[in-house]
Amino acid sequence: MRSPKDFFAPLAVGAPAPLREVPARPSRVIHFFDPSNEKMAAKIPAMVGTVDVLLGNLEDAVKADRKEAARAGLVQIARATDFGETTQLWTRVNALDSPWVLDDLTTLVSEVGDKLDVVMVPKVQGPEDIHYVDRLLAQLEARAGLQRPILVHAILETARGVANVEEIAGASPRMQGMSLGPADLAADRRMKTTRVGGGHPGYLVRQDPIDGDINADRQTYQQDLWHYTISRMVDACAMHGILPYYGPFGDIKDVVACEDQFRNAFLLGCVGTWSLHPVQIEIAKRVFSPSAEDVAHARRVVEAMGDGTGAVMLDGKMEDDASLKQCLVIVELAERLAASDPALAELYAAPAAPVDGAAS
């Protein structure tokens, strides 16, 4: 057995102490780029400050003969770029069963570990995968003399990973969060869809027959293939104090459905999503930031509730301590985002309407 007191001790002599909680930094959009693509890499310095997270992708979408070039390209970008206080640098390394992942980790931590905030690990099957990465990162951090630990983000891309989601979420103090990986997960589950995220027109419910006529026109309602998995991931992350994310939405042209899927994830508790193309960046930033109306209402409830006990009537609706807790989530998120986003600071600055007619 391992003593709970040891959980927050470094796993290697000289490694930085693990963090006690995930840093509260905005991560509404994780924008993926291929470091081996010179045209794409050249745009990265100009994107600093416009997105919360820039992620150098070394895994899927990078061909086998470009893996080393992508790794070297990410090192070069990290060294040459000042990411400031508002943009984080992440990477998605290759899968743990690949021939490239060991070099990914040893090279990046040794050469640019001081620039790297989070390592995203694909196809995590169980807590043992996180334990391996945890120990290896500690050894590499100690050798590199790093002063802060690099965090770990798991992608749920297998049925076994989803089955072990609670154990994965609590596997290490390094755990920063989790993302849904719908394409690989669909294949592993043998789901009959070739879409990358989003819904499917065949996954639906149908209106009951009218007057018993099954051949009459009946309304159909498309359902969300990923509702169960996202909900379970959100619960596991909330239980362990880490952050849940929606993953990729593959249909770049369908910005309407993309926004709908992002909003579903936001409402369920996700804090951000992936961006595969610049057109998705503004969608993600907008969706994963609470609206000015929601923030104003939340502030009115907080003001009306006072010490949080009892109940008040506000706009004809009862608000009580549970309402206050919900509203504090919105207010705290708005304040965190406004601290690093001047446009949101201005949007949220409008004073809440006076609380008239509130009664205890």
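Residues numbered from 1 in each chain as written. Predicted model: local features only at pLDDT ≥ 70, side-chain atom pairs only at ≥ 80, totals over all residues. Heavy atoms only, no water.

A. Summary view of the side chain of asparagine 94. One can find asparagine 94 in the loop between strand E3 (88-92) and helix H4 (101-112). Side-chain polar atoms of asparagine 94 contact the side chain of aspartate 104, separated by 2.8 Å. In this view, asparagine 94 contacts Leu58, Glu59, Lys67, Trp100, Val101, Asp104 and Pro122; residues no more than four positions away in its chain are not counted. (Helix = DSSP H or I, 4+ residues; strand = E, 2+ residues; numbered from the N terminus. Polar contact = N/O pair within 3.5 Å; in protein donor to acceptor, adjacent residues only side chain to side chain. Contact = heavy atoms within 4.5 Å.)

B. Just the pairing of strand E6 (residues 175-180), in detail. Across the six residues that make up E6, a large majority, six, are buried. Sheet topology places strand E5 (residues 151-156) next to E6; five bridges connect them, and they run parallel. Within the sheet, the bridge partner assigned to alanine 154 lies in E6 and is methionine 178. (Buried < 20%, exposed > 50% of the residue type's maximum accessible area, 1.4 Å probe, protein only. Pairing = 2+ DSSP bridges.)

C. Inspection of the packing of helix H3 (residues 67-80) against H4 at higher detail. At a minimum axis distance of 10 Å, the contact between H3 and H4 shows a crossing angle of 20°. Between H3 and H4, the interaxial angle falls into the category roughly parallel. Both H3 and H4 take part in a crossing whose hand is right-handed. Of H4, the residues touching H3 (which contributes Arg71, Leu74, Val75, Ala78 and Arg79) are Asp103, Asp104, Thr107, Leu108, Glu111 and Val112. Counted by class, the contact of H3 with H4 contains five nonpolar, one polar and five charged residues. (Axes fitted to C-alpha atoms, helices over the stretch in contact; angles between N-to-C directions. Parallel < 35°, antiparallel > 145°, perpendicular 65-115°, else oblique. Left-handed = near helix turned anticlockwise from the far one by under 90°. Nonpolar A, V, L, I, M, F, W, Y, C, P; charged D, E, K, R; others polar.)

D. Inspection of the environment of aspartate 114 at higher detail. Along the chain, aspartate 114 falls in the loop between H4 and strand E4 (118-121). Exposure remark for aspartate 114: the relative accessible area of 53% places this residue in the exposed category. Sequence spacing of aspartate 114 and arginine 148 is 34 residues, and the spatial spacing of their C-alpha atoms is 7.9 Å.

E. Looking closely at a nonpolar patch on the surface. Side chains of Val255, Val256 and Val279 sit close together on the surface and give an oily, nonpolar patch of about 210 Å² of accessible area. Within the element layout of this structure, valine 255 appears in helix H10 (residues 255-268). (Patch = residues over 30% accessible without salt bridge, like charges linked within 9 Å, V, L, I, M, F, W, Y side chains within 5 Å. Areas by Shrake-Rupley, 256 points an atom, 1.4 Å probe, with all protein chains shown as cover. Salt bridge = Lys/Arg side-chain N within 4 Å of Asp/Glu carboxyl O.)

F. Summary view of the pattern of salt bridges. In total, this model carries 16 salt bridges according to the counting rule given. Two residues, aspartate 60 and lysine 123, come together in a salt bridge whose shortest N-O distance is 3.7 Å. Separated by 63 residues along the polypeptide, aspartate 60 in the loop between strand E2 (53-57) and H3 and lysine 123 in the loop between E4 and helix H5 (127-144) bring together distant segments of the chain. Relative accessible area serves as the criterion here: at 34%, aspartate 60 is assigned to the partly exposed category. Taking relative accessible area as the criterion, lysine 123 reaches 26% and is therefore assigned partly exposed.

G. Highlighting helix H11 (residues 279-287). Those residues of H11 lying buried are Gln280, Ile281, Ile283, Ala284, Lys285 and Val287. Those residues of H11 that are buried are in contact with strand E1 (29-33), helix H2 (44-47), H10 and strand E10 (273-275).

H. Representation of unusual backbone geometry within the structure. Here alanine 61, not a glycine, exhibits a phi torsion of approximately 80°, which is positive. The residue alanine 61 is located in the loop between E2 and H3 in this model.

I. Inspection of the nonpolar core at higher detail. Ranked by size, the top nonpolar core spans 74 residues in total, and within it Met178 and Phe262 carry the most contacts. Filtering out sequence-adjacent residues up to four positions away, methionine 178 remains in contact with His153, Ala154, Leu156, Val165, Ile168, Ala169, Met233, Cys237, Ile242, Leu243, Pro244 and Tyr245. (Core = buried A, V, L, I, M, F, W, Y, C linked by side-chain atoms within 4.5 Å.)

J. Focus on helix H9 (residues 227-240). Compared with the 20 Å implied by 1.5 Å per residue over 14 residues, the 20 Å span of H9 between its first and last C-alpha is a close match. All of the buried residues in H9 are Thr229, Ile230, Met233, Val234, Ala236 and Cys237. On an axial view of H9, the arc spanned by its buried residues comes to 165°, and they lie on one face. Those residues of H9 that are exposed and aimed more than 90 degrees away from the buried face are Tyr228, Asp235, Ala238 and Met239. Glycine 241 occupies a position one or two residues after H9 and carries a positive phi of about 70°. (Expected span 1.5 Å × (residues − 1). Arc of directions from axis to C-beta.)

K. Representation of the environment of alanine 138. The topology assignment puts alanine 138 in helix H5. Residue classification places alanine 138 among the buried positions, given a relative accessible area of 1%. The sequence separation of alanine 138 and leucine 185 amounts to 47 residues, and the corresponding C-alpha distance is 29 Å. Every residue in contact with alanine 138, bar those within four places of it in the chain, is listed here: Leu11, Ala12, Ala15 and Arg174.

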